[in-house]
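Below, each chain spelled out in residue letters.
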Amino acid sequence: MKPTQENYVPTHQGLVVKFAPGDFRSALVATRAYQPGELVAKLEGLTKGPKRYTSVQCGPGPEDHVELNSDLVYINHSCDPNIAFDLSSPDPSNWHLRTLRSIKSGEPLGFFYPSTEWDMDQPFKCECGSKSCVGTVKGAKHLSLRQLASRLWVNPYILELVSERDIEKTGKLQARL
Ligand SMILES: C[S@@+](CC[C@H](N)C(=O)[O-])C[C@H]1O[C@@H](n2cnc3c(N)ncnc32)[C@H](O)[C@@H]1O
């Protein structure tokens, strides 16, 4: 469930949803400055569910998707991310959101969606405006290792899936030679 503008109460200190008219135009914004590498939030209150545009992938399998059930669902994608969803621990109580660089008060948070998502339910044309923009955001399956590696953080289960894909590709190429 996405929090809505009616009777809005922020779920996390230091963050607020900036609601905007139109579909999917809202964003989560910092209400204070953050240092590089700072813990922004622990990922708590997650529930398992099907892959949706609001879910976050938490492992390599088709069932590994969680809903955030908080304002964190308003974090948009950025090809030049300032924040990471770190779901690398085998213990979900260690999953967290941390900064990848300093963030100013008023700055929108953005994470690189393919750092958690393999093959997204709802691809979209990215409007982040960064020089390294990937264009249409569909998930890590549709990007090269090089495109992923330049984003400061990618979850280990995504790198495993990339590695399996690339071994398979290389095998097919070798069989043709
Ligand atoms: C989980 S929502 C994020 C919050 C969303 N902006 C909202 O208002 O509900 C994910 C959706 O937001 C939109 N979105 C997120 N990042 C975007 C970006 N960089 N460029 C264009 N649309 C984006 C896409 O429609 C995407 O499916």
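Because the structure is a prediction, the values reported are computed rather than measured.

Participant: Hey, could you run me through the overall build of the protein in this one?
Facilitator: In terms of helices and strands, the protein carries two helices and twelve strands. Seen in sequence order, the protein has helices and strands lined up from the N terminus as β-β-β-β-β-β-β-β-β-β-β-β-α-α. Over its C-alpha trace the protein gives a radius of gyration of 17 Å, about what one expects of a compact globule, namely 16 Å for 177 residues. Along the longest, intermediate and shortest principal axes, the C-alpha atoms of the protein span 60 × 35 × 30 Å. Per-residue burial for the protein yields a buried fraction of 29% across its 177 residues. A separation of at least 24 residues holds for 60% of the contacts in the protein among residues at least 6 apart in sequence.

Participant: What should I look at first to understand the sheet that holds strand 8 (residues 83-86) in this one?
Facilitator: Sheets are built from strands that pair by backbone hydrogen bonding, the pairs being arranged parallel or antiparallel. Strand order across the open sheet formed by three strands is 3-9-8, with antiparallel pairing between neighbours. Since the sheet does not close on itself, it has two edges, and those belong to strand 3 (39-42) and strand 8, each with one partner. Here the average twist between neighbouring strands, direction ignored, is 20°. Relative to strand 9 (residues 96-99), strand 3 is paired through three bridges, and the arrangement is antiparallel. By the bridge assignment for strand 9, Lys42 is matched with His96.

Participant: Just to check I follow, could you spell out the UniProt feature "domain: SET" (unreviewed entry) in the protein for this structure?
Facilitator: Feature annotation in UniProt assigns "domain: SET" (unreviewed entry) to the following positions: residues 13-114. The span residues 13-114 shows a helical share of 0% and a strand share of 31%, and its end C-alpha atoms are spaced 26 Å apart.

Participant: What's the story with the UniProt feature "domain: Post-SET" (unreviewed entry) in the protein in this structure? I'm lost.
Facilitator: Listed under "domain: Post-SET" (unreviewed entry) in the UniProt record, and renumbered for this structure, are residues 122-138. With 0% helix and 24% strand, the stretch residues 122-138 has end C-alpha atoms that lie 7 Å from each other.

Participant: Is there a simple way to think about the sheet that holds strand 5 (residues 55-57) in this case?
Facilitator: Here we have three strands laid out as an open sheet, ordered 4-6-5, and antiparallel in their pairing. For this open sheet the edge positions go to strand 4 (47-48) and strand 5, each flanked by a neighbour on one side alone.

Participant: How should I be thinking about the nonpolar core in this particular structure?
Facilitator: If you look at soluble globular proteins, the nonpolar side chains tend to sit buried side by side. In this structure, Leu28, Leu72, Ile75, Ile83, Phe85, Leu97 and Phe111 are the most contacted members of the largest nonpolar core, which totals 29 residues. Elements represented by at least two residues in this core include exactly strand 1 (15-18), strand 2 (27-30), strand 3 and strand 8. With near-sequence residues (within four places) excluded, Ile83 lies in contact with Val40, Ile75, Leu97, Thr99, Leu100, Leu109, Gly110 and Phe111. Grouped together as the second largest cluster of nonpolar side chains are five residues, Trp118, Val154, Ile158 and Val162 included.

Criteria and thresholds
- The residue count restarts for each chain, going from 1 along the sequence in the order it is written.
- Under the rules for a predicted model, residues below a pLDDT of 70 receive no local features and side-chain atom pairs below 80 are neither given nor counted, while totals for whole chains, interfaces and linings still include all residues.
- A run of DSSP states H or I qualifies as a helix once it reaches four residues; a run of E qualifies as a strand once it reaches two. Both are numbered from the N-terminal end.
- Radius of gyration means the value over C-alpha atoms here, while the globule rule gives 2.2 Å times the residue count to the 0.38 power.
- Exposure is read from a count of other C-beta atoms within 10 Å of each residue's own; the residue is exposed at 12 or fewer, buried at 20 or more and partly exposed in between. C-beta atoms are placed from the backbone.
- We call two residues in contact when the distance between their C-beta atoms, placed using the backbone, is within 7 Å.
- What makes two strands pair is DSSP finding at least two bridges between them.
- Angles shown run from 0 to 180 degrees and are taken between the N-to-C directions of axes, each axis being a line fitted to C-alpha atoms and, for helices, limited to the stretch in contact.
- UniProt positions are given in the numbering used here, feature names are shortened, and annotations may be inferred rather than shown by experiment.
- Under the definition applied here, buried Ala, Val, Leu, Ile, Met, Phe, Trp, Tyr and Cys residues are grouped into a nonpolar core through C-beta atoms within 7 Å.

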